[in-house]
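Listed below, chain by chain, are the residues.
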Amino acid sequence: MIKLNRKIARLKPSATLAADARAKELRAAGIDVISLDAGEPDFDTPERIKAAARKALAEGHTKYTAVSGIPELKNAIRSKLKRDNQLDYDANEIIVSAGCKQAEANVINSLFDDGDEVIIPTPAWVSFSAMVELSGAQVKYVPCPESTGFLLDPEALKRAITPHTRGIMLNSPSNPTGTVYHTGQLTELARILLETDLWVMSDDVYEHISYDGPVPHLFHIEPQLRGKGIVFNSLSKTYAMTGWRVGFAAGPKEVIGAAGRLQSQNSGNPNSVAQFAAIEALTGPQDEVKKMAEEFRARRELVVERIRKIPGFRLPNVPSGAFYAFPNVSELFGLSAAGRKLTDGDSVAAFLLEEAKVSTVGGNDFNAPDHIRLSYATSREKLTTAFDRIEQAVKKLGK
Ligand code: GLU
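First, a word on scope: everything that follows refers to the structure included in this document. (Residues numbered from 1 in each chain as written. Predicted model: local features only at pLDDT ≥ 70, side-chain atom pairs only at ≥ 80, totals over all residues. Heavy atoms only, no water.)

A few points about the packing of helix α4 (residues 71-85) against helix α11 (residues 272-283)
Then step 1. Where α4 contacts α11, the axes come no closer than 9 Å and their chain directions differ by 25°. The pairing of α4 with α11 is recorded here as roughly parallel in orientation. Remark: the crossing between α4 and α11 carries left-handed chirality. Residues Glu72, Leu73, Ala76, Ile77, Lys80 and Arg83 of α4 touch α11, and the partners they reach there are Gln275, Ala278, Ile279, Leu282 and Thr283. (Axes fitted to C-alpha atoms, helices over the stretch in contact; angles between N-to-C directions. Helix = DSSP H or I, 4+ residues; strand = E, 2+ residues; numbered from the N terminus. Parallel < 35°, antiparallel > 145°, perpendicular 65-115°, else oblique. Left-handed = near helix turned anticlockwise from the far one by under 90°. Contact = heavy atoms within 4.5 Å.)

Structure follows, in structure tokens:
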């Protein structure tokens, strides 16, 4: 057997991307699978952004760029952070990476070490824990139960902090629950965090997909946290640019500089053409962002209504942001169909793929095995067919 690096040997593939890949394989084999798996807007990238990419190509922007991003894009990001989040950053406090994931991995690897602990409130996006573990640090999960609306209880946060705790990852709107922290809740968390020396990481990738008004930012509410805070964001969801791979981090220059050194060794600059497209995305007219968010709202209504009618599915919260529904499906556990017994969220997702030809993501890797995640970043027509199929499949379940 080939001996792999210890950490890589036990690394699982991303559950969201694995589900997406499986659905693509089945479609390539001629099976009509509807994907409610990866969080990928079905909209095309707006034309003005594509035009900027074509122009960059025509102008020959096809060479290496500055490793942590071209100055024009850093300026665009500075303006975006000011405009949308009322946060001021200098250019040397910003790194652009090949997607927000890479920015997060580089910062996490730069900050944490063996023996450190990093708090992840759960349910949480599948890759946060993998990134922390790869850095050598240990993940300290803090469960945020349905009864608290999946929100981090300040007392639970206090209890989780030990002398080894060095960071916390927050994500509002949340993937997978759609929960959004409001100002009062962030103020309370800030009060506790201020008394610690934890690095506070804020993943804001769903900030513009919010159904109850603008999403407040922790570092705007408590500017003192900015000195030990890292903002992460992406163009993927806001501008329907998942394949372009542009994301960024902003934070103290020592941390961003370290992440830049790591990036210079393990990958280099983010794609040159995509960086020019990103400038247009961030600085051009923002109308399409609102339009997409409105469509997500209509889809949310449809999804919530349909989920509530499926026996065995219980929706603990109406998502206030992002484009995921996260029903509790534990009432189905113990039932079976065609010899397959449902035991957890992953088995329900596998059953739905098999029986309904609908691809979802089981909750296990979100640290919520009673749930499945359904992405509604797809058309209302497809969503309607998907739920018709799910309803039919669930009827086949018996003792
Ligand atoms: N973040 C999205 C999701 O959760 C895209 C896939 C991924 O990188 O996880 O589905």
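Let's pick the thread back up.
Thoughts on the sheet that holds strand β2 (residues 94-97)
Then step 1. An order of β2-β8-β7-β6-β5-β3-β4 is seen for the 7 strands of this open sheet, with the pairing classed as mixed. Taken across any chain shown, the strands that pair with only one partner, and hence form the sheet edges, are β2 and β4 (138-143). Neighbour-to-neighbour, the strand axes of the sheet open up by a mean angle of 20°, direction not taken into account.
Then step 2. Across 5 bridges, strand β5 (residues 165-171) lies against strand β6 (residues 199-203) in parallel orientation. In the strand pairing of β6, Asn171 is matched with Asp203.
Then step 3. Against the sheet, helix α6 (residues 126-134) makes contact with β3 (117-122), β4, β5 and β6, and its axis sits at roughly 150° relative to β4, the strand it touches most. (Pairing = 2+ DSSP bridges.)

Section: the site of the ligand
Then step 1. Close to the ligand lie Thr16, Leu17, Ala38, Gly39, Lys101, Trp125, Asn175, Tyr206, Lys237, Tyr324 and Arg373.
Then step 2. At 2.9 Å, a side-chain N or O of Trp125 approaches an oxygen atom of the ligand.
Then step 3. Note that an oxygen atom of the ligand is positioned 2.9 Å from one of the side-chain N or O atoms of Asn175.
Then step 4. Taken by itself the ligand offers 280 Å² of open surface, and the protein chains cover 88% of this.
Then step 5. Here the shell around the ligand is composed, by residue class, of 5 nonpolar, 3 polar and 3 charged. (Near = heavy atom within 4 Å. Polar contact = N/O pair within 3.5 Å; in protein donor to acceptor, adjacent residues only side chain to side chain. Areas by Shrake-Rupley, 256 points an atom, 1.4 Å probe, with all protein chains shown as cover. Nonpolar A, V, L, I, M, F, W, Y, C, P; charged D, E, K, R; others polar.)

Structural notes on the pattern of salt bridges
Then step 1. Evaluation of the coordinates by the stated rule reveals 30 salt bridges.
Then step 2. Put simply, Asp88 and Lys82 hold a salt bridge, and the shortest N to O gap is 3.2 Å.
Then step 3. Judged by relative accessible area, which is 43%, Lys82 ranks as partly exposed.
Then step 4. Note that Glu354 and Arg340 form a salt bridge whose closest N and O atoms lie 3.4 Å from each other. (Salt bridge = Lys/Arg side-chain N within 4 Å of Asp/Glu carboxyl O. Buried < 20%, exposed > 50% of the residue type's maximum accessible area, 1.4 Å probe, protein only.)

Remarks on the packing of aromatic side chains
Then step 1. For the structure shown, the criterion picks out 8 aromatic pairs.
Then step 2. Their ring planes at 65° and their centres at 6.2 Å tell us that Phe150 and Phe326 sit as a pair that is edge-to-face. Linking Phe150 in the loop between β4 and α7 (154-160) with Phe326 in the loop between β9 (324-325) and β10 (336-337), this pair joins segments that are 176 residues apart in sequence.
Then step 3. Measuring from ring centre to ring centre gives 5.1 Å for Phe323 and Tyr324, while their planes differ by 65°; the resulting arrangement is edge-to-face.
Then step 4. On the basis of relative accessible area, Tyr324 is assigned to the buried category, the value being 1%. (Phe/Tyr/Trp six-rings, centres within 6.5 Å; stacked < 30°, edge-to-face > 60°.)

Comments concerning unusual backbone geometry
Then step 1. With an omega dihedral of -5°, the bond running from Ser172 to Pro173 counts as a cis peptide bond.
Then step 2. Note that Pro173 resides in the loop between β5 and α8 (183-194).
Then step 3. Of the consecutive residues Asn175 and Pro176, the connecting peptide bond is found in the cis state with omega at 25°.
Then step 4. Phi angles above zero are rare outside glycine, and Asn367 is one such case at about 65°.
Then step 5. With respect to the helices, strands and loops of the structure, Asn367 is situated in the loop between β13 (361-362) and β14 (372-375).
Then step 6. Among the residues examined, Asn367 registers a relative accessible area of 35% and is labelled partly exposed.

What about α8?
Then step 1. With 12 residues, α8 ought to run about 16 Å at 1.5 Å a step, and its terminal C-alpha atoms sit 16 Å apart, in line with that.
Then step 2. Burial in α8 covers these residues: Leu186, Leu189, Ala190, Ile192 and Leu193. Viewed end-on, α8 has its buried residues packed into an arc of 165°, placing them on one side of the element.
Then step 3. Residues of α8 that are buried sit in contact with α7, β5, β6 and α9 (218-221). (Expected span 1.5 Å × (residues − 1). Arc of directions from axis to C-beta.)

What about the pairing of β6?
Then step 1. With 5 of 5 residues buried, β6 is to be regarded as a mostly interior element.
Then step 2. Here β6 shows no split at all, with Trp199, Met201 and Asp203 on one side and Val200 and Ser202 on the other all buried.
Then step 3. As for the winding sense of the linkage, the β-α-β connection from β5 through α8 to β6 is right-handed.
Then step 4. Here 4 bridges tie β6 to strand β7 (residues 229-234), and the two strands are oriented parallel to one another. When the bridges of β7 are listed, Asp203 appears paired with Phe232. (Right-handed = clockwise from strand over helix to strand, strands pointing away.)

So, to be careful, I would describe these as geometric facts and stop short of saying anything about function.
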